[in-house]
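In case you want the letters, here they are:
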Amino acid sequence: MEAEFTLGTPSLTPQGDAITRLPTGKVGIWIFLAGEIMIFGGLISCYILLRIANGGWAADAAHVNWQIGTLNTLVLLTSSLTMILALAAVRAGNRDGVKLYLASTVALGLLFLLVKAYEYLAHFREGFTPLTGTFWSFYYLMTGLHALHVTGGIVVNLVLLIMAIRGTLWARADRRMEYAGIYWHFVDVVWIFLFPLLYLSLKLT
Amino acid sequence: MSTVNDTGYFYCEIWAWLVGLLVAGTVIVFLPIPKLLALTLVFAVAAVKAGLVIRHYMHLKAEHVLIYLIALLPVLFIIIMAISLLPDIAFRH
């Protein structure tokens, strides 16, 4: 049992470690994500219920561009790949790989935000603002909140990248990368549901 | 603590599946099939994609039961909330 305690985070009590053998950081990130699930889940549920109640908002939904949505989904899925490859590189001791994959994840995250900004500008030019109607209020709220989460993830990944370049990441690189990755993949999962709800629904209403 | 040591090749394989499902999910809406069926298929494909990311990229396949509880409890709350609101939508709109 003594050997198992040494595997846990030093700040954990031996009792807690003996029960779950989970690092506090991992429990912390999942509790944080539980709150995020409530936020996005609540929003998505309300969107679905109100959309059913209001006949589908087909006229409004016709103005979103599914091609751009598909492209952005591909960008985010690819960023999830580069993020998990960064973790695999940490575990393989491949420091150059970590830097390359982290930089790729940051770049893909920025590309996602750029495409989203282009979409927003196009919608604003057409006269669709958050005040145009219920569909557009939900559209801007859900995609805007998601974009804020992407921004947060980019900042975290950028910090990790700077630490990797400076050589200060490696002491606890495995856990740092794992927790940052769990958050980044969660942001990806949220988009996986937002994409059909907001972009593919035109043909289904 | 779970430590999954899947290879980079395996992660690329999962990514290929995700891209394939993205294409499939997008193509479904253009197929000449009933809308309800298309809607069901689109969200089934989205659920499979999310499942692949959660299981293999977030490594939930190797996690402690406590992590499952933390992740599933809010999902349960959301489902309860949605079901509770359904009669309001069904009978008042």
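On a predicted model such as this, the values are computed, not experimentally measured, just so you know. (Residues numbered from 1 in each chain as written. Chains lettered and ligands numbered in written order. Predicted model: local features only at pLDDT ≥ 70, side-chain atom pairs only at ≥ 80, totals over all residues. Heavy atoms only, no water.)

**Here we look at the overall build of chain A**
Stage number 1. For chain A, the helix and strand inventory stands at eight helices and zero strands.
Stage number 2. The linear arrangement of helices and strands in chain A, starting from the amino end, is α-α-α-α-α-α-α-α.
Stage number 3. Counting over 205 residues, chain A shows a buried share of 55%.
Stage number 4. Pairs at least 24 residues apart make up 75% of the contacts formed inside chain A by residues separated by at least 6 positions. (Helix = DSSP H or I, 4+ residues; strand = E, 2+ residues; numbered from the N terminus. Buried < 20%, exposed > 50% of the residue type's maximum accessible area, 1.4 Å probe, protein only. Contact = heavy atoms within 4.5 Å.)

**Looking at the nonpolar core**
Stage number 1. Among the nonpolar cores identified, the biggest contains 88 residues, and Trp30(A), Phe135(A) and Tyr139(A) are the most heavily contacted of them.
Stage number 2. When residues of this core are traced back to their parent elements, those giving at least two are helix H3 (24-53), helix H5 (66-92), helix H6 (95-126), helix H7 (134-166) and helix H8 (173-198) of chain A together with helix H1 (8-28), helix H2 (35-57) and helix H3 (65-92) of chain B.
Stage number 3. Element by element, the count of residues in this core is highest for H8(A), at 17 residues.
Stage number 4. Shared between two domains, this core takes at least three residues from each, and those domains are domain 1 (1-62) and domain 2 (64-93) of chain B.
Stage number 5. When near neighbours in sequence (up to four residues on either side) are disregarded, Trp30(A) contacts Ile182(A), Met58(B), Leu60(B), Ile67(B), Ile70(B) and Ala71(B). (Core = buried A, V, L, I, M, F, W, Y, C linked by side-chain atoms within 4.5 Å. Domains from an automatic or database assignment.)

**What about the environment of Trp184(A)?**
All names here are of chain A.
Stage number 1. Residue position: Trp184 is located in helix H8.
Stage number 2. The class for Trp184 is buried, based on a relative accessible area of 1%.
Stage number 3. With residues near it in sequence (within four places) discarded, Trp184 still touches Leu76, Ser79, Ser80, Met83, Thr105, Gly109, Val150, Gly153, Ile154 and Asn157.
Stage number 4. There is a polar contact of 2.9 Å between the side chain of Trp184 and the side chain of Ser79. (Polar contact = N/O pair within 3.5 Å; in protein donor to acceptor, adjacent residues only side chain to side chain.)

**Focus on the layout of surface pockets**
Stage number 1. The calculated volume of the largest pocket comes to roughly 890 Å³.
Stage number 2. A total of ten residues in the lining of the largest pocket trace back to one element, the largest contributor, which is H3(A).
Stage number 3. Split by residue class, the lining of the largest pocket holds 24 nonpolar, two polar and one charged.
Stage number 4. Residues lining the lining of the largest pocket come from more than one domain, with at least three contributed by each of domain 1 (1-62) and domain 2 (64-93) of chain B. (1 Å grid on protein atoms, 1.4 Å probe; cavity = no way out; pocket = protein on both sides within 12 Å on 5 of 7 lines; lining within 4 Å. Points joined across faces, edges and corners; volume = space filled by probe spheres on them. Nonpolar A, V, L, I, M, F, W, Y, C, P; charged D, E, K, R; others polar.)

**A word on the side chain of Glu36(A)**
Stage number 1. Summarising the element assignment, Glu36(A) is placed in helix H3.
Stage number 2. With no salt bridge to any partner, buried Glu36(A) finds its closest opposite charge in Lys116(A), at an N-O distance of 17 Å. (Lys, Arg positive; Asp, Glu negative; His and termini not counted. Salt bridge = Lys/Arg side-chain N within 4 Å of Asp/Glu carboxyl O.)

**With respect to the domain arrangement of chain B**
Stage number 1. Structurally, chain B comprises domain 1 (1-62) and domain 2 (64-93).
Stage number 2. Look at where the C-alpha atoms of domain 1 of chain B and domain 2 of chain B centre, and you get two points 22 Å apart.

**Quick look at H5(A)**
A turn of α-helix holds 3.6 residues, and therefore any two residues three or four places apart point the same way.
Residue and element names in this part refer to chain A.
Stage number 1. Here H5 contains 27 residues, and its C-alpha end-to-end distance of 39 Å stays within 8% of the 39 Å for a straight helix at 1.5 Å per residue.
Stage number 2. Counting buried positions along H5 yields 21 of 27 residues, so the element is predominantly enclosed.
Stage number 3. By the N-cap criterion, in which a side-chain oxygen at the helix start approaches the backbone nitrogen of a residue two or three places on, H5 is capped by Asn65, the distance to Gln67 being 3.0 Å.
Stage number 4. Gly93 lies just past H5 and shows a positive phi near 75°. (Expected span 1.5 Å × (residues − 1).)

**Looking at H6(A)**
Stage number 1. Taking 1.5 Å of rise per residue, the 32 residues of H6(A) would be expected to cover 46 Å, and the 47 Å separating its terminal C-alpha atoms lies within 8% of that figure.
Stage number 2. Just beyond H6(A), the residue with positive phi is Gly127(A), at close to 95°.

**Regarding the packing of H6(A) against H7(A)**
All names here are of chain A.
Stage number 1. For the pair H6 and H7, interaxial distance at closest approach is 9 Å and the crossing angle is 155°. When the axis of H6 is compared with that of H7, the two are roughly antiparallel. The way H6 lies across H7 gives a crossing that is left-handed.
Stage number 2. Partitioning the contact of H6 with H7 into residue classes produces 19 nonpolar, eight polar and three charged. (Axes fitted to C-alpha atoms, helices over the stretch in contact; angles between N-to-C directions. Parallel < 35°, antiparallel > 145°, perpendicular 65-115°, else oblique. Left-handed = near helix turned anticlockwise from the far one by under 90°.)

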